[in-house]
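Coordinates in review
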Amino acid sequence: MFDKRAIGVFDSGLGGLTVVKELSRYMPSEDIIYFGDTGRVPYGTRSNEIIRRYAREDAEFLLKNNVKLIIAACGTVSSVASDIGVDLDVPFFEVVSHAAKSACNVTKNGKIGVLGTSATIRSQKHAEYIKSILPDAQVVSNSCTVFVPLVEEGWYADDDPIVVETAKRYLKPITDAECDTVILGCTHYPVLKGAIKSVVGDKVTLIEAGTSTAIAVKEFLKENSMENESCNVGKHSYFVSDRPNSFKNIASVLLGKKIDDDEIKQVDISKL
Ligand code: DGL
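Residues numbered from 1 in each chain as written. Predicted model: local features only at pLDDT ≥ 70, side-chain atom pairs only at ≥ 80, totals over all residues. Heavy atoms only, no water.

Moving on, we come to the packing of aromatic side chains. As enumerated under the stated definition, the model contains eight aromatic pairs in all. Between F35 and F61, the aromatic rings sit 5.1 Å apart at their centres with planes inclined by 50 degrees, giving tilted as the arrangement. In this pair, F35 sits in strand β2 (residues 32-36) while F61 sits in helix α2 (residues 48-64), placing the two residues 26 residues apart along the sequence. Across the pair, F61 and F35 agree in class, each one buried. (Phe/Tyr/Trp six-rings, centres within 6.5 Å; stacked < 30°, edge-to-face > 60°. Helix = DSSP H or I, 4+ residues; strand = E, 2+ residues; numbered from the N terminus. Buried < 20%, exposed > 50% of the residue type's maximum accessible area, 1.4 Å probe, protein only.)

Summed over all chains, the structure comprises 14 salt bridges. Close ionic contact of D3 with R5 constitutes a salt bridge, the shortest N to O distance being 2.8 Å. In this structure, the salt-bridge partner of K193 is E208, at a minimum N-O distance of 2.6 Å. In this pair, K193 is assigned in helix α9 (residues 193-200) and E208 in strand β8 (residues 205-208), connecting sequence segments 15 residues apart. On the accessibility criterion, K193 (33% relative accessible area) is partly exposed. (Salt bridge = Lys/Arg side-chain N within 4 Å of Asp/Glu carboxyl O.)

Purely spatial values, then, with no claim about function.
Below you can see the structure in the form of structure tokens.
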């Protein structure tokens, strides 16, 4: 038994590619269709109603492309709009619960930091999941509004002074509280890992949602006989709602491989 349809992944922009990277590491034979809503990024500063509407439209686009499963590779959508998954005709995965579970497995002192967008931190979703596993955990959260524009602009070098100074300011409450584990609660943030690590030091573990989500999806496909066993290397297609060229340049860095012109297309999400 196998299912040759692609896995659908969406995010507000480039960040979800950090999840795609992990999906292709764990499931190299799966086809992936990615939608990055580059015309409407960022989501994290918007109201829950708008985020929910955008997320629903993004999922609709993927469904029209006949995907077998949808991943909201976006901490913001996962925090405030994961209920959109209930009405979809295909299985839906968010990224927050998986990251929270990993953090609970890793922490030794029960002090967990959470970095995310304003909407994500406002939702307190990570804290909710963490407390359901470790009721006595101390969760220190901070919203990092400037991180997403830095990444979308291509400013993420480990030693870029602007990135390091920004990271220092956002991480202060978390380092002051001596958290031993920090969740990168937005899928854009793994790109800033080097700079964040230089601020928190080697003893603090950084948790990315991509790895644990990819493992959960792999297990789900296996259990439900939905794996694609028909090829060795899956095909990836990328769709964006604006600026395909700037997406392409930075995307190659995030994915660690070149994206060809014919792999990326611009779509008008409002006309679907
Ligand atoms: N990658 C999204 C997230 O994980 C992006 C946030 C945004 O668009 O503000 O939250």
